Amino acid sequence: MSETAPVVTPLPVGSAGKLSGGWWGVIALIVTEASLFGYLLFTYFYLAAQTGQDWPPTGLPGLLIPGINTIILLASSAAFWAGERRIRQGGTRSSIFGFIAAIALGSAFVAIQLLEWKNKTFSINSDLYGSLYFTITGFHLCHVIIGLGVLLLLLAWTMMGYFDHKRHVAITIGGVYWHFVDVVWLFVFSALYLSPYLQRG
Amino acid sequence: MAAIGATRHRIDPPLERIPEVGRIPAGSPIEARLEKIWETAPGWRGSLSTVDHKTIGVRYLVTAFLFLVIGGIEALFLRIQLVGPEMGFLTPEQYNQLFTMHGVTMIFLYALPVLSGFSNYLWPLLLGSRDMAFPRLNALSYWIFLFAGLFMYISFPLGQAPNAGWFNYVPFSGPVYNTGPNIDVFALGMVLLGISTTVGSVNFVVTLFRMRAPGMTINRVPILVWGTLTASVANLFAIPAVSLAFFLLWLDRQIGAHFFDVANNGQPLLWQHLFWIFGHPWVYVVVLPAMGIVSDALPTFCRRPLVGYTAVALATMATMLLGFGVWVHHMFATGLPTVALSIFGAASMVISIPSAVAVFAWIATIWLGKPVFKTPFLFFAGFVALFIIGGMSGVMTAAVPLDWQLNETYFIVAHLHYVLLGINVFPVVGAIYYWFPKFTGRMMSEKLGKWSFWTMFIGFNAGFFPMHIAGLLGMPRRIYTYPSRMGWDEVNLITTVGSFIFAVGVLIFLVNVVLSVKRGARAGANPWDAPTLEWAVSSPPPAYNFATIPTIASRHPLWEGRIEGEEEHSRTKLEEGYLLMRGRETLGTSPIDAKPVVILKMPEDSYTPFLVGLFVSLLFVGLLLHSWTFTALMTALSCAALSVWMWPRRNLGQRTTRHDPASAGRGGEGP
Ligand code: HEM
Ligand SMILES: [Cu+2]
């Protein structure tokens with residue numbers, strides 16, 4: 001009988017953190033996006049395994065700049081996380097600095113990645129490796145840019161005083177997406193930059 | 001107890017409150033107020049902005065049926081061309097485009113959307129909720145589906161429709177052999193449609209875990225819900241594969257990439273892998289919800305609950321799980337290593353086990369029940385028969401050596417139509433007969449119903465069974481004509497005649513729909529004396545679905561107390577429940593045991609879904625036309641519309657409130 005008794009304690013109203021539909025929705029979105037990157041990497045390894053070419057045909061990729069860029073992107077995630085933590089503790093003001101830092105670091109990643117693209121001797125239609133490289137990093141870059149757009153909105157909303165320690169579901173949702181985009185980069189980085197070293201022994 | 005002044009609090013909801021319990025008698029002023037909260041504006045404004053899952057569901061159904069008719073007419077053209085040897089009714093190129101568009105239309109624009117229509121309409125009613133988890137996303141998924149369907153037909157009037165078959169194998173669909181816009185339309189259209197399917201699937205998954213009425217524990221949800229849930233989860237994993245495949249193909253064709261380009265180390269087989277990793281689960285996506293429909297509706301006509309609920313629910317999920325591991329059976333003839341073939345062949349045979357479980361459950365339900373031979377029952381029983389035939393020919397092609405013989409012959413065409421018409425079209429038509437009174441408040445004609453069933457059933461078998469024989473006689477699929485003296489003349493003649501009989505059956509059904517919408521006998525809330533929750537509300541249901549959120553105590557709330565061996569003490573409560581009427585509200589419950597955990601604020605009607613859908617679709621038009629500035633503009637507009645959509649709203653509880661959190665919400669429903 002007890003299972004059907006009406007509730008006697010107050011229930012949260014509206015988009016309350018991880019009880020909100022939005023939180024569940026973004027998790028489902030991440031699942032499907034993660035599959036997308038899974039298939040991209042499957043494509044990469046499948047084609048790499050089938051080709052008779054040296055792989056990558058232009059020789060092993062340099063690790064220094066992409067390595068630094070990886071750290072920059074991870075730092076951006078950390079900055080966002082710190083900002084979100086401040087909101088939860090009631091420090092809406094100081095959280096703004098966290099978000100600004102996250103956006104700055106994310107933008108730096110995009111700039112460096114574009115430079116990295118410019119320095120390549122191949123292009124998307126020059127050869128198979130070029131198609132793979134630019135398509136996969138391009139997919140990721142698009143996600144970073146969308147993520148930055150989301151972060152900018154979140155920053156604006158925070159500055160407009162929309163959020164406090166109780167209500168900030170948009171931050172939680174946008175944040176987990178940003179972390180996802182960063183984690184995906186680790187897989188992309190491992191596949192495109194690290195795995196050739198393993199294969200060459 | 002009474003809810004007073006509930007709508008005054010729309011703007012600034014408190015952070016928490018105790019939801020009040022009460023009754024809302026039909027015709028009372030409180031009910032009128034609830035109606036006002038949920039109703040959609042009349043006229044074109046309401047049509048473009050509504051987020052009511054029932055409206056969206058009906059739109060899905062109507063649109064999908066239009067596509068069924070279009071695809072059916074294309075098929076009849078094909079059959080006229082094949083009625084005898086050496087016919088010149090269609091040119092080879094016209095034949096290619098017609099069979100391709102027939103397959104594309106049926107598989108992508110009819111088979112899943114029609115099931116999404118049922119699920120959109122029925123889910124909240126079955127689950128005891130006031131709407132889906134994301135009403136606006138629901139509207140978006142419909143608009144994009146509609147636009148993607150139109151998009152894929154964009155080049156049809158120019159005689160440039162997709163022409164490489166629905167699975168669109170490279171290299172034939174690549175830039176070298178297919179230079180027109182045909183394949184680009186298909187490729188971009190599929191990516192666009194993928195967006196619709198994905199957001200729709202997210203909505204179903206979240207709805208199941210969040211939106212069930214209290215007491216509707218996970219082992220009490222109807223099988224249709226299990227079927228659609230399983231299909232939706234599968235979509236989340238499978239759709240990216242096909243969207244990616246089509247996008248890579250588009251890059252190959254338009255940007256000069258080399259993914260499938262053999263001359264530059266690309267791999268045509270990559271296409272087949274990506275396509276079928278998606279394609280085989282998709283086969284289950286378009287049948288599992290239909291099987292769910294039968295599992296839920298058949299018992300009504302057998303006057304007893306489904307035999308083996310748990311087994312059927314588990315079999316549904318097992319089918320899909322296995323379904324992800326069998327895609328290579330579409331590639332038996334591509335020269336893969338024998339070990340791989342054996343493994344995938346064996347897996348494909350194993351997958352028939354869960355299907356058999358379901359079949360035995362239905363047969364047992366009919367056997368142990370007291371069947372009432374109404375039209376829906378006929379369609380469901382016919383479905384079981386066709387499922388068995390389609391399943392048998394399926395197991396045959398799972399055997400590698402036999403497949404080498406049968407691959408690319410009419411045996412496959414026969415098999416796929418037995419499966420698709422048997423497990424999708426027959427249950428769907430039966431389901432329309434079954435739920436029509438709920439949708440419209442009127443019954444369909446039984447007399448025309450029986451005529452439509454027998455014409456469809458006889459026409460279908462007359463048309464498609466001989467295709468098995470044509471296949472065994474060696475007739476290849478996808479040929480626009482054939483010479484005489486091959487021994488194929490008679491079977492083809494019979495097939496064409498059967499197809500037309502089947503088409504007449506569909507026509508009778510459609511006539512029945514049109515006549516009954518206007519003149520059918522009035523139906524009450526529960527004309528079939530059915531057990532599930534959607535029959536507890538009036539026909540058609542009010543905008544808010546349930547006046548109060550019900551509390552569920554069993555799998556068949558409307559049959560409680562009638563079923564032998566059932567414990568008596570706990571009863572479903574339909575009259576009295578949570579009022580939840582400070583604006584659009586419904587209850588969020590915990591994922592497994594459906595305990596109330598949150599009061600969900602539901603969005604008002606909004607134009608943003610329509611606008612986002614429109615801009616995103618135009619973005620794809622821009623890509624098709626290589627108009628990069630237009631594409632950029634549409635991208636910007638899509639982002640702008642999305643920002644408006646996502647803007648945190650105070651009345652949805654997404655922003656801080658001016659309320660003092662400590663004192664707010666302790667009072668009752670009133671001010
Ligand atoms: C009036 C009913 C129908 C008739 C007469 C019909 C007839 C045909 C014919 C003649 C072909 C082409 C065979 C060939 O040349 O290879 C075909 C292919 C096909 N049909 Fe149907 N069909 C009907 C309904 C359906 C339905 C309801 C579905 C799915 C839900 C469906 C799915 C397909 C598919 C997937 C193909 C393969 C297309 C391809 O080879 O790319 N058909 N059908
Ligand atoms: Cu398959």
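Residues numbered from 1 in each chain as written. Chains lettered and ligands numbered in written order. Predicted model: local features only at pLDDT ≥ 70, side-chain atom pairs only at ≥ 80, totals over all residues. Heavy atoms only, no water.

1. Some thoughts on the overall build of chain B
(1) Moving on: Scanning chain B for helices and strands turns up 19 helices and six strands.
(2) Moving on: Compactness check: chain B gives a C-alpha radius of gyration of 26 Å against a globular reference of 26 Å for 671 residues, within 12% of the reference.
(3) Moving on: The principal-axis extent of the C-alpha atoms belonging to chain B is close to 85 × 65 × 50 Å.
(4) Moving on: Among the 671 residues that make up chain B, the fraction classed as buried is 63%.
(5) Moving on: Here chain B has roughly 24000 Å² of accessible surface; of this, 69% comes from carbon and sulfur atoms.
(6) Moving on: Both charge centroids of chain B, one from 43 positive and one from 35 negative side chains, sit 7 Å from each other. (Helix = DSSP H or I, 4+ residues; strand = E, 2+ residues; numbered from the N terminus. Rg over C-alpha atoms; globule rule 2.2 N^0.38 Å. Buried < 20%, exposed > 50% of the residue type's maximum accessible area, 1.4 Å probe, protein only. Areas by Shrake-Rupley, 256 points an atom, 1.4 Å probe, with all protein chains shown as cover. Lys, Arg positive; Asp, Glu negative; His and termini not counted. Charge placed at Lys NZ, Arg CZ, Asp CG, Glu CD.)

2. Focus on the overall build of chain A
(1) Moving on: The number of helices and strands found in chain A is five helices and one strand.
(2) Moving on: Helices and strands appear in chain A in the N-to-C order β-α-α-α-α-α.
(3) Moving on: Computed over the C-alpha atoms, the radius of gyration of chain A is 21 Å, more than 25% above the 17 Å expected from 2.2 N^0.38 for a compact globule of 201 residues.
(4) Moving on: Projecting the C-alpha coordinates of chain A onto the three principal axes gives extents of approximately 70 × 45 × 30 Å.
(5) Moving on: Taking all 201 residues of chain A together, 53% fall into the buried category.
(6) Moving on: Restricting the contact set of chain A to residue pairs at least 6 apart, pairs at least 24 apart contribute 78%.
(7) Moving on: Per element, the accessible surface of chain A, about 8600 Å² overall, is 70% carbon and sulfur.
(8) Moving on: For chain A, the centre of its 10 positive side-chain charges and the centre of its 8 negative side-chain charges are spaced 12 Å apart. (Contact = heavy atoms within 4.5 Å.)

3. A look at the side chain of His258 of chain B
Residues and elements named next belong to chain B.
(1) Moving on: Inspection of the secondary structure assignment puts His258 in the loop between α7 (223–255) and α8 (268–285).
(2) Moving on: Judged by its relative accessible area of 8%, His258 is buried.
(3) Moving on: Within polar-contact distance, the side chain of His258 engages the side chain of Asp261 at 2.9 Å. (Polar contact = N/O pair within 3.5 Å; in protein donor to acceptor, adjacent residues only side chain to side chain.)

4. Regarding the pairing of strand β5 (residues 585–589) of chain B
All names here are of chain B.
(1) Moving on: With five of five residues buried, β5 lies mostly within the body of the structure.
(2) Moving on: Note: β5 against strand β6 (residues 596–601), five bridges, orientation antiparallel. From the neighbouring strand, Glu585 faces β6, where its bridge partner is Lys601.
(3) Moving on: Hairpin connection, β5 to β6: the antiparallel pair is bridged by six residues, and Ala594 has positive phi, about 50 degrees. (Pairing = 2+ DSSP bridges.)

5. Some thoughts on the coordination of the iron atom of ligand 1
Residue and element names in this part refer to chain B.
(1) Moving on: The iron atom of ligand 1 binds to the protein through His102 (NE2) and His417 (NE2); the donor distances cover 1.9 to 2.0 Å.
(2) Moving on: Taken together, the six donor atoms coordinating the iron atom of ligand 1 and their angles of 88 to 178 degrees define a geometry best described as octahedral. Of this pair, His102 sits in helix α4 (residues 92–127) while His417 sits in helix α15 (residues 410–440), and the two are 315 residues apart along the sequence.
(3) Moving on: According to the relative accessible area criterion, His102 is buried, its value standing at 15%. (Donors = N, O, S within 2.8 Å, 3.2 Å for Na, K, Ca; no water. Tetrahedral: all angles 85-135°; square planar, octahedral: opposite > 155°, others 65-115°.)

6. Quick notes on the coordination of the copper ion (ligand 2)
(1) Moving on: Only His280 of chain B (ND1), His329 of chain B (NE2) and His330 of chain B (NE2) from the protein coordinate the copper ion (ligand 2), and they sit 1.6 to 2.0 Å from it.
(2) Moving on: For the copper ion (ligand 2), all donor residues lie on one chain, and their spacing in sequence is H-x48-H-H.

7. Topic: the site of ligand 1
All names here are of chain B.
(1) Moving on: Lining the immediate surroundings of ligand 1 are 22 residues, of which Tyr95, His102, His417, Arg477 and Arg478 lie closest.
(2) Moving on: One of the backbone N or O atoms of Trp166 is found 3.0 Å from an oxygen atom in ligand 1.
(3) Moving on: In this structure, Arg477 approaches ligand 1 through a side-chain N or O atom, which is 2.9 Å from an oxygen atom.
(4) Moving on: Of all elements in the fold, only α3 (53–81), α4, α15 and α17 (489–519) reach the threshold of two or more residues within the shell around ligand 1.
(5) Moving on: Grouping the constituent residues of the shell around ligand 1 by class yields 14 nonpolar, five polar and three charged. (Near = heavy atom within 4 Å. Nonpolar A, V, L, I, M, F, W, Y, C, P; charged D, E, K, R; others polar.)

8. Points about the UniProt feature "domain: Cytochrome oxidase subunit I profile" (unreviewed entry) in chain B
(1) Moving on: Here, the residues flagged by UniProt with the feature "domain: Cytochrome oxidase subunit I profile" (unreviewed entry) are residues 38–553 of chain B.
(2) Moving on: Here residues 38–553 of chain B runs as 68% helix and 1% strand, with 27 Å between its end C-alpha atoms. (UniProt positions renumbered as here; feature names shortened; annotations may be inferred.)

9. Regarding the interface of chain A and chain B
(1) Moving on: In this assembly, 52 residues from chain A lie in contact with 63 residues from chain B.
(2) Moving on: When chain A packs against chain B, close to 5100 Å² is buried across both sides, 69% of that on carbon and sulfur atoms.
(3) Moving on: Seen at the junction of chain A and chain B, the total is zero salt bridges.
(4) Moving on: Put simply, chain A and chain B have 16 residue pairs in polar contact (both at pLDDT 80 or more) between them.
(5) Moving on: Of all the elements in the fold, those that place two or more residues in the side of chain A that touches chain B are β1 (11–12), α1 (21–50) and α4 (128–159) of chain A.
(6) Moving on: Ranked by the residues each element gives to the side of chain A that touches chain B, the list is headed by α1 of chain A, at 16 residues. (Buried area = accessible area lost by both parts, 1.4 Å probe. Salt bridge = Lys/Arg side-chain N within 4 Å of Asp/Glu carboxyl O.)

10. Here's the deal with a nonpolar patch on the surface
Residue and element names in this part refer to chain B.
(1) Moving on: Residues Phe360, Ile363, Trp367, Leu368, Ile388 and Met392 make up a contiguous nonpolar surface patch of roughly 710 Å² in combined accessible area.
(2) Moving on: Elements supplying a minimum of two residues to the nonpolar patch: α12 (352–368) and α13 (375–398).
(3) Moving on: The element contributing the most residues to the nonpolar patch is α12, with four residues.
(4) Moving on: With respect to the secondary-structure elements, Ile388 resides in helix α13. (Patch = residues over 30% accessible without salt bridge, like charges linked within 9 Å, V, L, I, M, F, W, Y side chains within 5 Å.)

11. Description of the UniProt feature "transmembrane region" (unreviewed entry) in chain A
(1) Moving on: The positions that UniProt labels "transmembrane region" (unreviewed entry) are, in the present scheme, residues 21–47, 59–82, 94–112, 132–157 and 169–194 of chain A.
(2) Moving on: Secondary structure within residues 21–47 of chain A divides into 100% helix and 0% strand; the distance between the first and last C-alpha atoms comes to 39 Å.

12. Some words on the packing of α13 of chain B against α15 of chain B
Residues and elements named next belong to chain B.
(1) Moving on: Following both chains from N to C, one finds α13 and α15 inclined at 160 degrees, their axes separated by 8 Å at the closest point. One finds that α13 runs roughly antiparallel with respect to α15. Crossing of α13 over α15 shows left-handed handedness.
(2) Moving on: Looking at the contact of α13 with α15, its residues break down into 19 nonpolar, eight polar and no charged. (Axes fitted to C-alpha atoms, helices over the stretch in contact; angles between N-to-C directions. Parallel < 35°, antiparallel > 145°, perpendicular 65-115°, else oblique. Left-handed = near helix turned anticlockwise from the far one by under 90°.)

13. Points about the domain arrangement of chain B
All names here are of chain B.
(1) Moving on: For chain B, the assigned domains are domain 1 (51–519) and domain 2 (608–646).
(2) Moving on: Here the C-alpha centre of domain 2 lies 30 Å away from the C-alpha centre of domain 1.
(3) Moving on: Both faces combined, the contact of domain 1 with domain 2 buries some 1400 Å², and carbon together with sulfur accounts for 84% of it.
(4) Moving on: Taken together, the links from domain 1 to domain 2 amount to zero salt bridges. (Domains from an automatic or database assignment.)

14. Side note on the pattern of salt bridges
Residues and elements named next belong to chain B.
(1) Moving on: Applying the stated rule across the entire model yields 11 salt bridges over all chains.
(2) Moving on: Between Asp184 and Arg253 there is a salt bridge, with the nearest N and O atoms lying 2.8 Å from each other. Within this pair, whereas Asp184 is found in helix α6 (residues 182–210), its partner Arg253 is found in helix α7, the two being separated by 69 residues in sequence. Accessibility classification places Asp184 together with Arg253 in one group, the buried group.
(3) Moving on: The residue Asp605 makes a salt bridge to Arg584 at a minimum N-O spacing of 3.1 Å. Of this pair, Asp605 sits in the loop between β6 and α18 (608–624) while Arg584 sits in the loop between β4 (573–578) and β5, and the two are 21 residues apart along the sequence.
(4) Moving on: The partly exposed category is assigned to Asp605, whose relative accessible area is 21%.
(5) Moving on: The structure contains a network of salt bridges with shared partners spanning Arg17, Glu585 and Lys601.

15. Details of the environment of Arg200 of chain A
All names here are of chain A.
(1) Moving on: Along the chain, Arg200 falls in helix α5 (residues 169–200).
(2) Moving on: You can call Arg200 partly exposed: its relative accessible area is 42%.
(3) Moving on: For the pair formed by Arg200 and Trp81, sequence separation is 119 residues and the distance between their alpha carbons is 38 Å.
(4) Moving on: When residues no more than four places from it in sequence are discounted, the contact partners of Arg200 are Asp54, Trp55, Pro56 and Leu60.

16. Describing the nonpolar core
Residues and elements named next belong to chain B.
(1) Moving on: Core analysis: the biggest nonpolar cluster contains 275 residues, and Phe108, Phe118, Trp362 and Phe426 have the highest contact counts within it.
(2) Moving on: Of all the elements, α4 adds the most residues to this core, at 21 residues.
(3) Moving on: Shared between two domains, this core takes at least three residues from each, and those domains are domain 1 (51–519) and domain 2 (608–646).
(4) Moving on: With residues near it in sequence (within four places) discarded, Phe426 still touches Phe379, Phe383, Leu386, Leu421, Phe453, Met456, Phe457, Phe460 and Phe502. (Core = buried A, V, L, I, M, F, W, Y, C linked by side-chain atoms within 4.5 Å.)

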